[in-house]
Amino acid sequence: IKTMPREIVNLQVGQCGNQIGTEFWKQLCREHGISEDGYLEEFATETDDRKDVFFYQADDGHFIPRALLLDLEPGVVKNRLGRSAQKDLFNPENVFSAQSGAGNNWAKGYAQAEQYDEEVIDKIYREADNSDSLEGFILSHSIAGGTGSGMGSYLLEKLNDHFPKKLIQTYSVFPDYKYQSDVVVQPYNSLLTLKRLALNADSVVVLDNTALTVIAEDRLRITTPTIDQMNSIVSTVMAASTTTLRYPGYMNNDLVGLVASLIPTPRCHFLMTGYTPIVLAAQTEDSSGAKSSGERRDNVQKTTVLEVMRRLLQPKNIMVSTSTKEGRYMSILNIIQGDVDPNQVHKALQRIRERRLVNFIPWGPAGIQVALSRKSPYVDTKHKVSGMMLANHTCMAELFKRALGQYDTIISRNAYLHQFRPEHAMFKEGNAEFDSCREVVQSLMDEYKAAENPHYTSWGMPPPNPTNDESDTRTKTRYEHERDNHQGASE
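Think of each chain on its own: its residues are numbered from 1, step by step along the sequence as written. Given that the model is predicted, a residue must reach a pLDDT of at least 70 before its local features are reported, and side-chain atom pairs must reach 80 or more before they are shown or counted; all residues, however, enter totals for whole chains, interfaces and linings. As a convention, hydrogens and water are excluded, and side-chain values are obtained from all of the structure's heavy atoms.

What about the overall build of the protein?
So, step 1. Where helices and strands are cited, they refer to DSSP runs of H or I of at least four residues and of E of at least two residues respectively, numbered from the N terminus. Looking only at helices and strands, one finds 16 helices and 16 strands in the protein.
So, step 2. Throughout this description, buried means an accessible area under 20% of the type-specific maximum (1.4 Å probe, protein chains only), exposed means over 50%, and partly exposed covers the range between. Every one of the 491 residues in the protein was classed for burial, and the buried ones make up 56%.
So, step 3. For the protein, long-range pairs separated by at least 24 residues make up 80% of all intrachain contacts whose partners lie at least 6 apart in sequence.
So, step 4. With an accessible surface of roughly 21700 Å², the protein has 47% of that area assigned to carbon and sulfur atoms. By the convention used here, residues are in contact when the closest approach between their heavy atoms is within 4.5 Å. To be clear on the numbers: accessible area is Shrake-Rupley with a 1.4 Å probe, and residue cover counts the displayed protein chains and nothing else.

Examining helix H7 (residues 209-219)
So, step 1. Within the sequence span of H7, burial applies to Thr210, Ala211, Leu212, Thr213, Ile215, Ala216 and Arg219.
So, step 2. Pairs of N or O atoms are called polar contacts if they sit within 3.5 Å, as long as, within protein, a hydrogen donor faces a hydrogen acceptor (for residues adjacent in sequence, only side-chain-to-side-chain pairs). Taking the backbone nitrogen of Thr210 as reference, a side-chain oxygen 3.0 Å away marks Asp208 as the first, capping residue of H7.
So, step 3. Looking one or two residues past H7, Arg221 carries a phi angle of roughly 55°, positive in sign.

Notes on the packing of helix H1 (residues 14-32) against helix H8 (residues 227-241)
So, step 1. Close contact between H1 and H8 brings their axes to 8 Å; oriented N to C, the two are set at 55°. In terms of orientation, H1 lies oblique with respect to H8. Crossing geometry of H1 relative to H8 is assigned as right-handed. Along its contact with H1, which presents Gln19, Ile20, Glu23, Phe24, Gln27, Leu28 and Glu31, the element H8 presents Ile227, Asp228, Asn231, Ser232, Val234, Ser235, Met238 and Ala239.
So, step 2. We call Asp, Glu, Lys and Arg charged. Ala, Val, Leu, Ile, Met, Phe, Trp, Tyr, Cys and Pro are nonpolar, and the rest, Gly among them, are polar. Tallied by class, residues from the contact of H1 with H8 come to seven nonpolar, five polar and three charged. Between the N-to-C directions of two axes lies an angle of 0 to 180 degrees, each axis being a line fitted to C-alpha atoms and, for a helix, fitted only over the stretch in contact. Note on terminology: angles under 35 degrees are roughly parallel, angles over 145 are roughly antiparallel, angles of 65 to 115 are roughly perpendicular, and the others are oblique. Two helices cross in a left-handed way if the nearer one is turned anticlockwise from the farther one by less than a right angle. They cross in a right-handed way if the turn is clockwise.

Concerning the sheet that holds strand S6 (residues 134-142)
So, step 1. Whether two strands pair comes down to DSSP finding at least two bridges between them. Strand order in the open sheet made by the 10 strands is S5-S4-S1-S6-S7-S8-S9-S16-S14-S15, with mixed pairing throughout. Two strands in the sheet have a free side with no partner beyond their single neighbour: strand S5 (95-97) and strand S15 (368-373). This sheet shows a mean twist of 20° between the axes of neighbouring strands, independent of strand direction.
So, step 2. One ladder, built from six bridges, connects strand S14 (residues 329-338) with S15; its direction is parallel. Paired with Gln337 across the strands is Ser373, a residue of S15.
So, step 3. Of the strands in this sheet, strand S1 (7-13), strand S4 (67-71), S6 and strand S7 (167-174) are in contact with H1, which crosses S1 at around 135°.

Observations regarding the pairing of S1
So, step 1. With seven of seven residues buried, S1 is to be regarded as a mostly interior element.
So, step 2. Burial along S1 is two-sided: Glu7, Val9, Leu11 and Val13 and Ile8, Asn10 and Gln12, pointing in opposite directions, are all buried.
So, step 3. Pairing of S1 with S6 involves six bridges; the strand directions are parallel. Residue pairing for S6: Glu7 is matched across the bridge by Leu134.
So, step 4. Where S1 lies against S4, four bridges are found, and the strand directions are parallel. Among the inter-strand pairings, Val13 is bridged to a residue of S4, identified as Leu70.

Some thoughts on the packing of aromatic side chains
So, step 1. Within 6.5 Å between ring centres, the rings of Phe, Tyr and Trp (the latter by its six-membered ring) count as paired, and their orientation is classed by plane angle as stacked under 30 degrees, edge-to-face over 60, tilted in between. Here the structure, examined in full by the defined rule, presents 25 aromatic pairs.
So, step 2. Geometrically, the ring pair formed by Tyr110 and Tyr154 is edge-to-face, given 5.3 Å between the ring centres and 90° between the ring planes. Taken together, the residues span a long stretch of sequence, with Tyr110 in helix H3 (residues 106-115) and Tyr154 in helix H5 (residues 147-162) at a distance of 44 residues.
So, step 3. Centre to centre, the rings of Phe270 and Phe400 are 5.0 Å apart; their planes meet at 80°, and the pair counts as edge-to-face. Taken together, the positions of Phe270 in strand S9 (residues 270-276) and Phe400 in helix H13 (residues 396-411) put the pair 130 residues apart, joining distant regions of the chain.
So, step 4. Under the relative-accessibility criterion, Phe270 is labelled buried at 0%.

Section: the nonpolar core
So, step 1. In plain words, nonpolar cores are sets of buried Ala, Val, Leu, Ile, Met, Phe, Trp, Tyr and Cys residues tied together by side-chain atoms within 4.5 Å. Core analysis: the largest hydrophobic core is formed by 92 residues, its most contacted members being Ile124 and Phe270.
So, step 2. It is H13 that contributes the most residues to this core, nine residues altogether.
So, step 3. Setting aside residues no more than four positions away along its own chain, Phe270 makes contact with Leu194, Leu197, Ala198, Val204, Val206, Ala391, Asn392, Met396, Phe400, Leu444 and Tyr448.
So, step 4. Counting 52 residues, the second-largest nonpolar core is a separate cluster that includes Phe90, Met230, Ile233 and Val237.

What to know about a negative patch on the surface
So, step 1. Patch definition: residues above 30% relative accessible area lacking any salt bridge, with like charges linked at up to 9 Å and the nonpolar side chains Val, Leu, Ile, Met, Phe, Trp and Tyr linked at up to 5 Å. A pairing counts as a salt bridge when a side-chain nitrogen of Lys or Arg comes within 4 Å of a carboxyl oxygen of Asp or Glu. By the counting rule applied here, Lys and Arg register as positive and Asp and Glu as negative, while His and the ends of each chain are not counted. One atom stands in for each charge, and that atom is NZ of Lys, CZ of Arg, CG of Asp or CD of Glu. On the surface, Glu36, Asp37, Glu41, Glu42 and Asp88 cluster together into a negatively charged patch.
So, step 2. Take Glu41: it is sitting in the loop between H1 and strand S2 (55-57).

Things to note about the environment of Ser131
So, step 1. If you trace the backbone, Ser131 turns up in the loop between helix H4 (117-129) and S6.
So, step 2. It is 6.3 Å that separates the C-alpha atoms of Ser131 and Glu7, two residues lying 124 residues apart in sequence.
So, step 3. Contact partners of Ser131, with chain neighbours within four places excluded, come to Glu7, Val9 and Arg66.
So, step 4. In this structure the side chain of Ser131 is engaged in a polar contact, spanning 3.4 Å, whose partner is the backbone oxygen of Glu127.

What to know about unusual backbone geometry
So, step 1. In this structure, the amide linkage connecting Thr276 to the following residue, Pro277, adopts the cis form with an omega of -10°.
So, step 2. In this fold, Pro277 is placed in the loop between S9 and strand S10 (279-280).
So, step 3. At Asn104, a position not held by glycine, the phi torsion is positive, near 55°.
So, step 4. Tracing the backbone shows Asn104 in the loop between S5 and H3.

As for the environment of Leu194
So, step 1. Examined against the element boundaries, Leu194 turns out to sit in helix H6 (residues 186-200).
So, step 2. Separated by 247 residues in the primary sequence, Leu194 and Val441 place their C-alpha atoms 6.9 Å from one another.
So, step 3. Contacts of Leu194, omitting those with residues within four sequence positions, involve Ile143, Phe174, Phe270, Phe400, Ala403 and Val441.

These figures capture arrangement, not role.
This is how it looks when you write it as structure tokens:
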């Protein structure tokens, strides 16, 4: 039975969001046999894929991405795109850039997004109205800069207001915590964005720069990874996570079904990814438009279903820099691509169970979900089988703990707050917004830790037999007020 495709609109926000978005569309064009200017290649005779999920056709027949390219400075969106081979791929009406930039300041990015609200929201509505059966939005951004964090946060809130019944998924790049950032207000930017990701997104795919750098150096043997090489890894993960939507099979054919299987409770919606084997394209284009050759690939000699699924569980293949050896998995979905016999999958799952390679939460179903997906017939790969993992794990609490630690260090000295005070009204009267964000992230961290406990299902609930009246009238935390207000708006 051929079902109607559920369209997804992509929002690329800020320099980082647009850079990984550009690589993502390159990958999708390759996989669907679409040229860099949007026309179907002569060899692209496969007709049972779902191009319509991410593309629509213009009157002259060429394919246009369902994407909005948004930035507060013209450097990446207009200047770089104008020099690239993809300059004719995107709808020029969907490209927005201001002139002043956000200066790596969340408050400035948020304030400018408010200023350009009508223009940007109009573009989003136009793209949404161009869909027959819109399923939701995917937003790609960084949480540490100015535009991706500030404008990205504003858009998350507005998408919830304007499209309360549509799913919102983000691909959020987390900063590299191993090195001192040039952006001194990065801890503020990150915390302010994390609050919006917790309250306004349905699913957050975490892309940790710390782990990505290690993967590039150790697995791909790149001494000094470039931004484009890192973005290529990210685009591979993004494309792989959408293969079941674009090459439909028996399950996980829509984004809602994909996300619902991974998120047992609404607040714990931060997902980690893994991919094996990783192969970087033989030719990459750097920020100046120059091209460099040389394929980089993982040192994997043989790819069986068992081997791929086993490797996906290894910490070195997971793109989050917290150890999965600590804590428990809440859910796992493996997307296996290639010509695979379902019997091989059953044997692999049985072997993983026998060897007890996965430690699941005690209060939920303990099992790895597997979705089989076809490979693109237009992309030649040296490996017979590849695998992508989406997982929900309680070790995400460690990421939030790092963010809180960095924030506490600079807020204790009231450092750099003068950069936020004049930019937006929410910062003029003290640190109430920062306190609110800290409480939300602390509560999120506590919930992920509590999920390891067998009694998690009653976590946060008042005692069943209160000893006095005060137990019944428990004061709501600011986080619970914000959550209830958000849920009320969604309804």
